[in-house]
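# Structural overview
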Amino acid sequence: MASVTVEKPLDVGGPISRRAAALANAKWFRALAWRTLRDGGPRAELRAANARAAARIVLKQAKREALVARMAREALGTDA
């Protein structure tokens, strides 16, 4: 029996990959904040707060870019 597999093309550079990258970056910054607090060191609280702020900035920017992309698609009248 022949099996047929249908593979979807990768969404490189598309909205899904941009979202995944933003989530991965935010997760990395949050992990960095925890690691900073756990390891201590000079001004650990400040460095952890900066890492958490960076995670918020990454997510905020990704949301803004998604909104602009959605508005552009609606203005152009395209689905892709």
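Preceding this paragraph is the structure being described.
Being a predicted model, the structure only gives us computed values, none of them experimental.

### Comments concerning the overall build of the protein
- Secondary structure summary: the protein contains 2 helices and 0 strands in total.
- Across the 80 residues that make up the protein, the buried fraction comes to 12%.
- A sequence separation of at least 24 residues applies to 43% of the contacts in the protein between residues at least 6 apart.
- Accessible area of the protein: about 6900 Å², with a carbon and sulfur share of 62%.

### As for the side chain of Thr36
- With respect to the element layout, Thr36 can be found in helix H1 (residues 15–39).
- In this structure Thr36 touches Ala44, Arg47 and Ala48, once residues within four positions along its chain are discounted.

### Considering the pattern of salt bridges
- For the coordinates displayed, the defined rule picks out 1 salt bridge.
- In this structure, the salt-bridge partner of Asp39 is Arg38, at a minimum N-O distance of 3.8 Å.
- What makes Asp39 exposed here is its relative accessible area of 56%.
- Residue classification places Arg38 among the exposed positions, given a relative accessible area of 61%.

### Looking at H1
- Compared with an ideal rise of 1.5 Å per residue, which puts 25 residues at 36 Å, H1 spans 36 Å between its outermost C-alpha atoms and is within 8% of the ideal.
- Where H1 is concerned, the buried positions are Ala22, Ala26, Ala33 and Thr36.
- Tucked into the core, H1 has its buried residues touching helix H2 (44–76).
- At the C-terminal side of H1, Gly40 shows a positive phi close to 75°.

### Describing unusual backbone geometry
- Even without being glycine, Arg43 reaches a positive phi, approximately 55°.
- Summarising the element assignment, Arg43 is placed in the loop between H1 and H2.
- Since its relative accessible area comes to 61%, Arg43 is described here as exposed.

### A short note on the packing of aromatic side chains
- In this structure the tally under the stated criterion is 1 aromatic pair.
- Summarising the aromatic geometry, the rings of Trp28 and Phe29 are spaced 5.2 Å apart at their centres and angled 75° between planes, so their arrangement reads as edge-to-face.

### Notes on the packing of H1 against H2
- Where H1 meets H2, the axes come as close as 8 Å, and the angle between the chain directions of the two elements is 170°. Comparing their axes, H2 and H1 come out roughly antiparallel. Contacts from Ala22, Leu23, Asn25, Ala26, Phe29, Arg30, Leu32, Ala33, Thr36 and Leu37 in H1 reach Ala44, Glu45, Arg47, Ala48, Ala51, Arg52, Ala54, Ala55, Val58, Leu59 and Ala62 in H2.
- Split into classes, the residues belonging to the contact of H1 with H2 amount to 15 nonpolar, 2 polar and 4 charged.

Reading guide: rules and limits
Residues numbered from 1 in each chain as written. Predicted model: local features only at pLDDT ≥ 70, side-chain atom pairs only at ≥ 80, totals over all residues. Heavy atoms only, no water. Helix = DSSP H or I, 4+ residues; strand = E, 2+ residues; numbered from the N terminus. Buried < 20%, exposed > 50% of the residue type's maximum accessible area, 1.4 Å probe, protein only. Contact = heavy atoms within 4.5 Å. Areas by Shrake-Rupley, 256 points an atom, 1.4 Å probe, with all protein chains shown as cover. Salt bridge = Lys/Arg side-chain N within 4 Å of Asp/Glu carboxyl O. Expected span 1.5 Å × (residues − 1). Phe/Tyr/Trp six-rings, centres within 6.5 Å; stacked < 30°, edge-to-face > 60°. Axes fitted to C-alpha atoms, helices over the stretch in contact; angles between N-to-C directions. Parallel < 35°, antiparallel > 145°, perpendicular 65-115°, else oblique. Nonpolar A, V, L, I, M, F, W, Y, C, P; charged D, E, K, R; others polar.

So far we have only geometry, and geometry alone does not tell us how the molecule works.
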